[in-house]
Amino acid sequence: MTEDHVARIQAEWRVERPDVDTSPQGVIGRLHRIANHLTGELTLLYAKYGLTEGEFDVLAALRRAGTPYERAPGEIALHTMVTTGAVTKRVDRLEQAGLVERRRSDADGRGRVVRLTPTGRRLFDQAFTAHMANERRLLEALTPDDAAQLEKLLTTWLGVLEPRTD
């Protein structure tokens, strides 16, 4: 295995602080660096469709809702893991672009729902297809078995960090 950025940092810490176990950096440091690389690659693709990462996330939450592709803003926040304030800003931009529309809720006349427009659905479906191809490309460095093992490990770890509440 070649020495990477994280290994060089760990080597420096072994000299400067031999009393501290820096082995967690081997995992955490590399995951952090990988996450930064992945975010850069993903956002580059979103930009090709005129979207930010957050806007893609909102459109994905609406598309996953199924016909009629709508959710209340609070529900979008739950499905995107951002605040309702952040959802509002994203929805404002998406609405200006003609990709979503707001309307009164049928269930609660005072409430509002956000619906994917036909234009938004077409754009998102194109972007999502490209996004999945991009993610596949990013995983090409791993064998299918390695990717499956990594997914299993990350699922276990995430389950500890984000315990299910349902």
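No experiment lies behind these values; they were computed from the predicted model shown. (Residues numbered from 1 in each chain as written. Predicted model: local features only at pLDDT ≥ 70, side-chain atom pairs only at ≥ 80, totals over all residues. Heavy atoms only, no water.)

(A) Inspection of the environment of Q96 at higher detail. If you trace the backbone, Q96 turns up in helix 5 (residues 84–96). By relative accessible area, Q96 is classed as exposed at 71%. Along the sequence, Q96 and P144 sit 48 residues apart, while their C-alpha atoms lie 41 Å from each other. (Helix = DSSP H or I, 4+ residues; strand = E, 2+ residues; numbered from the N terminus. Buried < 20%, exposed > 50% of the residue type's maximum accessible area, 1.4 Å probe, protein only.)

(B) A look at the sheet that holds strand 1 (residues 70–71). Judged by pairing direction, the sheet is antiparallel, and its three strands sit side by side in the order 1-3-2 without closing on themselves. Since the sheet does not close on itself, it has two edges, and those belong to strand 1 and strand 2 (100–104), each with one partner. Each of strand 1, strand 2 and strand 3 (112–116) touches helix 3 (residues 53–64); the most contacted strand, strand 3, lies at about 90 degrees to it. (Pairing = 2+ DSSP bridges. Contact = heavy atoms within 4.5 Å. Axes fitted to C-alpha atoms, helices over the stretch in contact; angles between N-to-C directions.)

(C) Structural view of unusual backbone geometry. Geometrically, the link from T67 to P68 is a cis peptide bond, its omega value of 10 degrees lying close to zero. In this structure, P68 sits in the loop between helix 3 and strand 1. In this structure, Y69 is a non-glycine residue whose phi angle is positive, near 60 degrees. Of note, Y69 is situated in the loop between helix 3 and strand 1.

(D) Up close: the packing of helix 2 (residues 24–48) against helix 6 (residues 118–138). At a minimum axis distance of 10 Å, the contact between helix 2 and helix 6 shows a crossing angle of 150 degrees. The angle between helix 2 and helix 6 falls in the class roughly antiparallel. When the axes of helix 2 and helix 6 are compared, the crossing they make is right-handed. Of helix 6, the residues touching helix 2 (which contributes L38, E41, L42, L45 and Y46) are A127, A130, H131, N134, E135, R137 and L138. By residue class, the composition of the contact of helix 2 with helix 6 is seven nonpolar, two polar and three charged. (Parallel < 35°, antiparallel > 145°, perpendicular 65-115°, else oblique. Left-handed = near helix turned anticlockwise from the far one by under 90°. Nonpolar A, V, L, I, M, F, W, Y, C, P; charged D, E, K, R; others polar.)

(E) Quick peek at the nonpolar core. Formed by 22 residues in total, the largest nonpolar core has its most connected members in L51, L59, L62, L94 and V100. Elements supplying a minimum of two residues to this core: helix 2, helix 3, helix 4 (73–80), helix 5, strand 3 and helix 6. In terms of residue count, helix 3 provides more of this core than any other element does, five residues in total. Among all residues touching L94, those that are not within four sequence positions of it are L51, E55, V58, L59, L99 and V100. (Core = buried A, V, L, I, M, F, W, Y, C linked by side-chain atoms within 4.5 Å.)

(F) Structural view of the confidence of the model for the protein chain. With 96% of its residues at a pLDDT of 70 or more, the protein chain has an overall mean of 93. Here helix 4 stands out as the element of the protein chain with the lowest mean pLDDT, 90, in contrast to helix 6, whose mean of 98 is the highest. (pLDDT = per-residue confidence, 0-100.)

(G) Up close: the side chain of T117. Looking at where T117 falls in the secondary structure, it is placed in the loop between strand 3 and helix 6. Look at T117 and you get buried, because its relative accessible area is 11%. Within polar-contact distance, the side chain of T117 engages the backbone oxygen of G98 at 2.7 Å. Those residues in contact with T117, other than ones at most four positions away along the chain, are G98, L99, V100 and E101. (Polar contact = N/O pair within 3.5 Å; in protein donor to acceptor, adjacent residues only side chain to side chain.)

(H) Molecular detail of the pattern of salt bridges. This structure, assessed with the given rule, holds 11 salt bridges. Where D19 meets R17, a salt bridge forms, and the shortest distance between an N and an O atom there is 2.8 Å. The partner of R93 in a salt bridge is E55, with the nearest N and O atoms 2.7 Å apart. Note that R93 is positioned in helix 5 and E55 in helix 3, a separation of 38 residues in sequence. What you see here is one network of salt bridges that share partners, running through R63, R121 and D125. (Salt bridge = Lys/Arg side-chain N within 4 Å of Asp/Glu carboxyl O.)

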